[in-house]
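Structural features, examined
Listed below are the residues making up each chain.
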Amino acid sequence: MYRSHVLVCGGTGCTSSGSAKVIEAFREELSKQGLDREVAVIQTGCHGLCAEGPIVVVYPDATFYARVGADDVPEIVSEHLLKGRPVTRLIYKDPNAVDENAVHSLNDTEFYKKQVRVALRNCGVIDPENIDEYIGTGGYQALGKVLTEMTPEQVIQEVLDSGLRGRGGGGFPTGLKWKLCAPNKADKKFVCCNADEGDPGAFMDRSVLEGDPHSVLEAMAIAGYAIGSSQGYIYVRAEYPIAVDRLKIAIRQAREYGLLGEDIFGTGFNFNIDLRLGAGAFVCGEETALMTSIEGNRGEPRPRPPFPAVKGLFGKPTILNNVETYANIPQIIMKGAEWFASMGVGKSKGTKVFALGGKINNTGLVEIPMGTPLRTIIEDIGGGCPNGKKFKAVQTGGPSGGCIPASYIDIPVDYDHLAEIGCIIGSGGMIVMDEDNCMVDIAKFFLEFTVDESCGKCTACRIGTRRMLELLNKITEGNATMDDLDKLEQLAYYVKTNSLCGLGQTAPNPVISTIKFFRHEYEAHILDKRCPAGVCKALMNYIIEPVDCKGCTACARVCPVGAISGELKKPHEIDTEKCIKCGACMETCKFHAISKR
Amino acid sequence: MKSLAELQAIREKMQSRVNMRSEGADVTRVVVGMATCGIAAGARPVLNEFASKVQEKGLSDKIVVSQTGCIGLCQYEPIVEIFEPGKEKVTYIKMDAEKADEVLERHLIGGHIVEKYTMAASGLK
């Protein structure tokens, strides 16, 4: 029996900021001070506040330490764990808190206070490599209930009634997907899990797999029972090594306990799960391409119909859901469809996990009820833009989504409200942009991504996106005319309507929505040959203000191409022909005499 | 796993362990003074006794056992304070593991303050 638990985050974010060393240091220091039989050290999944990692939470008082280094560990052990005096200097400081000493425990912070954790409920709370801890929080009870008390039809009805929709991007009602597949007769059926999270900036699926892998396994077994399948596949990116390891451990433990395998709970129901690793092609997140890839072929989409519910993996009826969707299922079974449907608004029920990134103070994962205003996410939970910059827009849904400009900051974030302004929730990536971001450049960034990731099967996507990128390059280089902008728009709609799969059909979205909301920025690039945000290199120059320049020569010394000249103690000058616009001079100047124009 | 009962058994075994990590609003807090004076007077066995018994008896969703620093009455250490929601704080002094057991049984479970160990009983106010 341990009197205290030290939870150290072992998600990918905290692992890269050095949490493995912190765990080791805790184990060492605790045994050195003779506390190793009193205090347990537990490696957990992601806590969400990745920007402040490595994160350490000490229970029972839930003291929340941020940015803990291995050097800090002896102090935490001797002060907090032995003498009960929390190490104040390491406690997370809430940037929004009125009284900065008010925050001690996790749930007091602005970041966590407004969140409702359903899919992430166990992330950062349990040891994902220990099945007993998952069972201790009620794990596998839902599977037990389904197998012993419910018919497959009742299970499907429960999921239908909950109003759960696909969390991977499409937003298709999960229960309906299952219902369409269940009656199809075949010698084999399959349950697939899409863990090929490819949107730049989205990492909620990774965190669920790293922090609570059993919830996905349990949900897949439930789905298997509902549609009459005995085999599941999880298609996970090989770039997620921690997630892959924990999934392997979880599957092994579940098999040892007989929670996967044959005759589960003595009911005669068999279900097994295998892993398939993806090599990281974005298109493999598309359902038909994903199945083709599991079959061992080159990951390319195929036309639908036939839909996977009829003819999917290996030509058999198949359902495919995303990781976060599955993570909701066991709780819908245990707490009931009504409970789930009580959260959210309109046709968007439950909660959604968003990955906040870009120009935001609290980078990380947040889970909130559907319909939460964007302002709450950006200002309260996210803590606003760093350095007091002005919030300009947020890109949702990654390269398939659109941007929401600051003027829509009070929009409720759910499937339908975002669709109204041409945006999607997508998988839940939210990239925040401030006044220093150029919207044309953002559109270009996402289009470069889709051009790279287009599988090349259909012409509209393969060639259309490339021509669009060329037009965008022309605009950012200041060589475009207003005709080009019209052409770009036309082409965008053409690619959208003629592409074979979701990748191509959504690839033009960032362009369409930035033109819609930030047309003036495009026009500034084309007509005034000016980038308002000062991002597009071809359209701006570094200039030394002669009045402010003291002639210290610092800039001339750092310039890598020798573009700066001038005499000592006299104003210097930049040769714009030679200048490569690296910005080194501006960073070096102590007198703020250099500006972008 | 051949039956739900097996699953239930694991759950019950593990529940007290993971419940320590839930933050309930109306939990009773047992706070043990663990400053240098407290540790010297033997606060650690008291703390450990409370912590393990609470988990053994499956009470960790209702009772939180934690430490605090010096309460300021070093000659009465080990000191244990019990905060029950909506009730006045009870302070026990000169505790040991056996007394801790008694307090757990009679006060935390039974609901009767063990007067003889309290600070009030010693004449201190």
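The structure presented is a predicted model; accordingly, all values stated were derived computationally and were not measured.

At the junction of the two partners, chain A supplies 46 residues and chain B supplies 33 residues. Where chain A abuts chain B, roughly 3,300 Å² becomes buried across the two surfaces, and 56% of that area is made up of carbon and sulfur atoms. Per-residue buried area on chain A facing chain B is highest for Met1, Arg3 and Phe265 of chain A; these three make up 19% of the total on that side. Summed over the shared surface of chain A and chain B, the result is 2 salt bridges.

With 15 residues, helix H10 (residues 213–227) of chain A ought to run about 21 Å at 1.5 Å a step, and its terminal C-alpha atoms sit 22 Å apart, in line with that. Downstream of H10 of chain A by one or two residues, glycine 228 of chain A has phi in the positive range, about 80 degrees.

All names here are of chain A. Pairing in this open sheet of 5 strands is mixed, and the strands run E13-E12-E18-E15-E16 from one edge to the other. Of all the strands in the sheet, the pair left with one neighbour each is strand E13 (364–369) and strand E16 (403–405). For this sheet the average axis-to-axis angle between neighbouring strands, irrespective of direction, equals 30 degrees. Sheet topology places strand E12 (residues 351–358) next to E13; 6 bridges connect them, and they run antiparallel. For phenylalanine 354, the partnering residue across the bridge sits in E13 and is valine 366.

Further remarks concern a nonpolar patch on the surface. On the surface, Phe172, Leu176 and Leu180 of chain A cluster together to form a nonpolar patch covering roughly 250 Å² of accessible area. Relative to the helices and strands, leucine 176 of chain A is located in helix H8 (residues 174–181).

We now examine the nonpolar core. All names here are of chain A. In terms of nonpolar packing, the biggest core is built from 75 residues, with Tyr140, Trp178, Leu217, Ile234 and Tyr326 touching the most fellow members. For this core, the leading source of residues is H10, giving 10 residues. Leucine 217 has contacts with Tyr140, Ile234, Leu247, Ala250, Ile251, Ala254, Leu260 and Ile273, leaving out every residue within four places of it along the chain. Leu7, Ile42, Tyr59 and Val366 belong to the second largest nonpolar core, which has 50 residues in total.

So, about the confidence of the model for chain B. Per-residue confidence for chain B averages 85 on the pLDDT scale, and 94% of its residues sit at or above 70. For chain B, the element scoring lowest by mean pLDDT is strand E2 (residues 63–68) of chain B, at 84; helix H4 (residues 97–109) of chain B scores highest, at 93.

In this section: the pattern of salt bridges. Close approach of charged atoms allows side chains with opposite charge to pair. What the rule picks out here adds up to 38 salt bridges over all chains. The salt bridge partner of lysine 570 of chain A is glutamate 567 of chain A, with a shortest N-O separation of 3.6 Å. Its relative accessible area of 45% is what places lysine 570 of chain A among the partly exposed residues. We note a salt bridge from glutamate 49 of chain B to lysine 53 of chain B, for which the minimum N-O separation is 2.8 Å. Taken together, the residues glutamate 49 of chain B and lysine 53 of chain B, both in helix H3 (residues 43–56) and 4 residues apart, mark about one turn of the helix. Residue classification places glutamate 49 of chain B among the buried residues on the basis of a relative accessible area of 19%. Salt bridges sharing partners connect three or more residues here, namely Glu110, Lys113, Lys114 and Asp380 of chain A.

All names here are of chain A. Counting buried positions along strand E1 (residues 4–9) gives 6 out of 6 residues, so the element sits mostly inside the fold. Of the two faces of E1, both are covered, the one formed by Ser4, Val6 and Val8 as well as the one formed by His5, Leu7 and Cys9. Note that E1 and strand E2 (residues 39–44) share 6 bridges and pair parallel. The residue bridging leucine 7 from the neighbouring strand is isoleucine 42, located in E2. Pairing between E1 and strand E3 (residues 56–59): 4 bridges, direction antiparallel. In the sheet register, valine 6 faces E3, and the bridge partner there is valine 58.

Cut-offs and rules
Residues numbered from 1 in each chain as written. Chains lettered and ligands numbered in written order. Predicted model: local features only at pLDDT ≥ 70, side-chain atom pairs only at ≥ 80, totals over all residues. Heavy atoms only, no water. Contact = heavy atoms within 4.5 Å. Buried area = accessible area lost by both parts, 1.4 Å probe. Salt bridge = Lys/Arg side-chain N within 4 Å of Asp/Glu carboxyl O. Helix = DSSP H or I, 4+ residues; strand = E, 2+ residues; numbered from the N terminus. Expected span 1.5 Å × (residues − 1). Pairing = 2+ DSSP bridges. Axes fitted to C-alpha atoms, helices over the stretch in contact; angles between N-to-C directions. Patch = residues over 30% accessible without salt bridge, like charges linked within 9 Å, V, L, I, M, F, W, Y side chains within 5 Å. Areas by Shrake-Rupley, 256 points an atom, 1.4 Å probe, with all protein chains shown as cover. Core = buried A, V, L, I, M, F, W, Y, C linked by side-chain atoms within 4.5 Å. Buried < 20%, exposed > 50% of the residue type's maximum accessible area, 1.4 Å probe, protein only. pLDDT = per-residue confidence, 0-100.

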